[in-house]
Amino acid sequence: MKTTDSPTVVTVATDLQDERLQARDGLRGAVAALLDRARSGDLGMVPVAVGLVVIWTVLQILNPVFLSSANLVNLTMESVPVGVMALGIVCVLLVGQIDLSVGSVSGLSAAVLAVLFIGQDLPVWGAILAALLVGVVVGWLYSQIFNRFGVPSFVITLAGLLGFLGMQLYVLGTKGSINLPFDSGLVNFAQLAFVPPWLSYVFVVVAAGVLFVSGFLHARERRTAGLSARSLPVLVTRSAALLVGLGLVVWYLNQTRGVGWMFVLFVALVLIMHYLLSRTKWGKAVYAVGGNTEAARRAGINVKAVYSSVFVLCSTFAAVGGVLAAARLAAANQSSGTGDVNLNAIAAAVIGGTSLFGGRGSAFGALLGMIVIQSISSGLTLLNLDSSIRFAVTGAVLLLAVIVDSVSRRSRTSHGRA
Amino acid sequence: MLSLRGIGKTFGAVAALTDIDLDVAAGQVVAVVGDNGAGKSTLVKILSGVHRPDSGAITFESRVVDIPTPAAAHRLGIATVFQDLALCENLNVVENLFLGQELRPLRLNTVAMETRSWELLRRLSAKIPTVRVPVAALSGGQRQTVAIARSLLGNPKIIILDEPTAALGVAQTAEVLNLVERLRENGLGVIMITHNMADVKAVADVVAVLRLGRNNGLFDVKDVSTDDIVAAITGARDNVVAQRAARRGEAGNVAAEEGLPS
Ligand SMILES: Nc1ncnc2c1ncn2[C@@H]1O[C@H](COP(=O)(O)OP(=O)(O)OP(=O)(O)O)[C@@H](O)[C@H]1O
Ligand SMILES: [Mg+2]
């Protein structure tokens, strides 16, 4: 629900004429609408934001280094590879499917990258391209099996989890580990490339500016069409909040190394996915297939093509994640993409508010969810707790997120928000 | 414009449709009536590409056509309002209306879509407070209106309505009947499935009766009585509807006024 302002417009906007609608004017109205939605179970990213504050507070109390600029810079960088994978998971979850193999696919792509780059002396971009192609092929394979035989995605990708791990080990061969040279552009990008402070502030200003201008143009277009629109104060407040919030974050990170280019890449991917999911026909089809597959089919949507696109996208993101992880580690080895990578990617998506039941979630969720997961991981590492506890805590957090998802789904059903 | 010949469809052991013939001309409203389970919705689903017929031929604009998918039906210009509505509950009204036919695929024109949605909904006297809520938040009748509005997008040539007024209020029912008449004036073919004889009498040109998956009579609405239709639906002149009417001592018109139980 949007709000109206503009006393100049005498007639009521087309979408506000029903007398049962409560007037929601200006800023106060915007806040009220937000609270309304939260109450009815449409929680969006509220739980994850709250969770993040709690987790950060606790970890900071346990170890004062946690919220230091240096650690947060590290945290942003570390979160990228799995975060990119989580972005793919968001897409498959949106259509009501799952991919349990992103870890293995990332490991395989890392192995392919290393073997081609180091073993075969291919130029780095060629190796990267080949590694990404692995992801495309895997996703295409999944989608063919899924569409043709109707095997549940959970089983297909479980088979993939094992199968591609096997392939990763095979590709790496007897050595089991291949190091990437530190002077290569790829490793440099993942470890040492940081945005100069002045440029990072430019980014912040541009972001706030773009948000304002696009919001303003959209509001003007709506008003011209006789629809209600966000008022100027709301738009200004929104952009100012972004400017200040993002500005503070960037400033704090700039106290030490600053904002990594790899993190910028992650944010860019999130923004692109957000656009694709919310502003394109394809995005609507994805949500429709996740919400009611039969209705989507009857609306003339090529459901199989949607599934294919999503599986390919997810595996490709997994491959991107694998490349970035290898670059970050400056190596591809037998344990690349194993361990908790899979679970972390899924947990990040779910914690970020993407429903396991399909049809709801957002790209930004992957970003926030990943920050939560990485915070836990980094915090526990700082406390010198070993991975057994880290696994257990991550598992518990995932469970909590799923419970929140299930409960809010029930609440949505009873409040008619499905 | 559209004609079906010898359409058959079985679900396992159940012959849902056997040897069905049906014709719809441009500017004609064909009511399809029949008891529960007579096969009406199955017929609709065949025409809209949800099911494929096991036998028979469909001719559309004097070409034999195959309707393998809902998308194919859309392309031919056959729009359908399904009995089970087929809406996505997680999407809002605008998104549902334009699902699969969004304006400006790569940069959705939400403003134009919302404006157009309001136009359509107003035309149907829809009582929907806001179009930006998920469809899950709407009442049954509101959903039905959304489903009907959906079928009007994209200039269809034939509109199939499967019990369109079943959940509607008095005003909205009247609007739908008005709409059907307007569609006829605009030269569209309309297939209307209904259990309501009053609706049939009000707008249909011909009535096709299905009984146990077979054609059981085709009547001109002008010169057929409700009794005759009911007799064809139930398969006997001495049917439960007539008996009730006789008991009330006003044989004949009661059924027409009450409508049949659905
Ligand atoms: N998908 C299906 N699988 C199996 N049987 C089906 C299926 N769809 C319909 N049938 C059967 O086909 C027959 C006709 O069903 P249909 O839905 O066409 O009836 P209808 O005339 O629309 O009835 P109503 O007035 O209740 O809407 C019924 O016996 C039904 O059980
Ligand atoms: Mg039916």
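The paragraphs below set out a description of the structure included in this document.

The rules we used
Residues numbered from 1 in each chain as written. Chains lettered and ligands numbered in written order. Predicted model: local features only at pLDDT ≥ 70, side-chain atom pairs only at ≥ 80, totals over all residues. Heavy atoms only, no water. Helix = DSSP H or I, 4+ residues; strand = E, 2+ residues; numbered from the N terminus. Rg over C-alpha atoms; globule rule 2.2 N^0.38 Å. Buried < 20%, exposed > 50% of the residue type's maximum accessible area, 1.4 Å probe, protein only. Contact = heavy atoms within 4.5 Å. Areas by Shrake-Rupley, 256 points an atom, 1.4 Å probe, with all protein chains shown as cover. Salt bridge = Lys/Arg side-chain N within 4 Å of Asp/Glu carboxyl O. Expected span 1.5 Å × (residues − 1).

Focus: the overall build of chain B
Right, on to step 1. On a plain count of helices and strands, chain B comes out with 10 helices and 10 strands.
Right, on to step 2. Over its C-alpha atoms chain B spans a radius of gyration of 19 Å, differing by no more than 12% from the 18 Å that the globule rule assigns to 262 residues.
Right, on to step 3. When each of the 262 residues of chain B is scored for burial, the buried share is 56%.
Right, on to step 4. In chain B, once contacts between residues fewer than 6 apart in sequence are set aside, the share between residues at least 24 apart is 62%.
Right, on to step 5. As displayed, chain B offers around 10,800 Å² of accessible surface, 50% of which is attributable to carbon and sulfur atoms.

Describing the pattern of salt bridges
Once their charged atoms are close, side chains differing in charge can pair, the charge on each being opposite to the other.
Right, on to step 1. A full pass over the atoms with the stated rule returns 17 salt bridges over all chains.
Right, on to step 2. For D15 of chain A, the salt bridge goes to R222 of chain A, with nearest N and O atoms at 3.2 Å. Linking D15 of chain A in the segment before α1 (26–39) with R222 of chain A in helix α8 (residues 197–224), this pair joins segments that are 207 residues apart in sequence.
Right, on to step 3. Put simply, D84 of chain B and R298 of chain A hold a salt bridge, and the shortest N to O gap is 2.9 Å. On the criterion of chain membership, the pair formed by D84 of chain B in the loop between β6 (78–81) and α3 (93–97) and R298 of chain A in helix α12 (residues 293–298) is interchain, its members lying in two chains.
Right, on to step 4. Each member of the salt-bridge network shares a partner with another, and the members are D15 and R222 of chain A together with E114 and R132 of chain B.

Comments concerning α8 of chain A
Right, on to step 1. For α8 of chain A, with 28 residues, the first-to-last C-alpha span of 41 Å sits near the 40 Å given by 1.5 Å per residue.
Right, on to step 2. Two residues or fewer past α8 of chain A, G226 of chain A is found with a positive phi of approximately 80 degrees.

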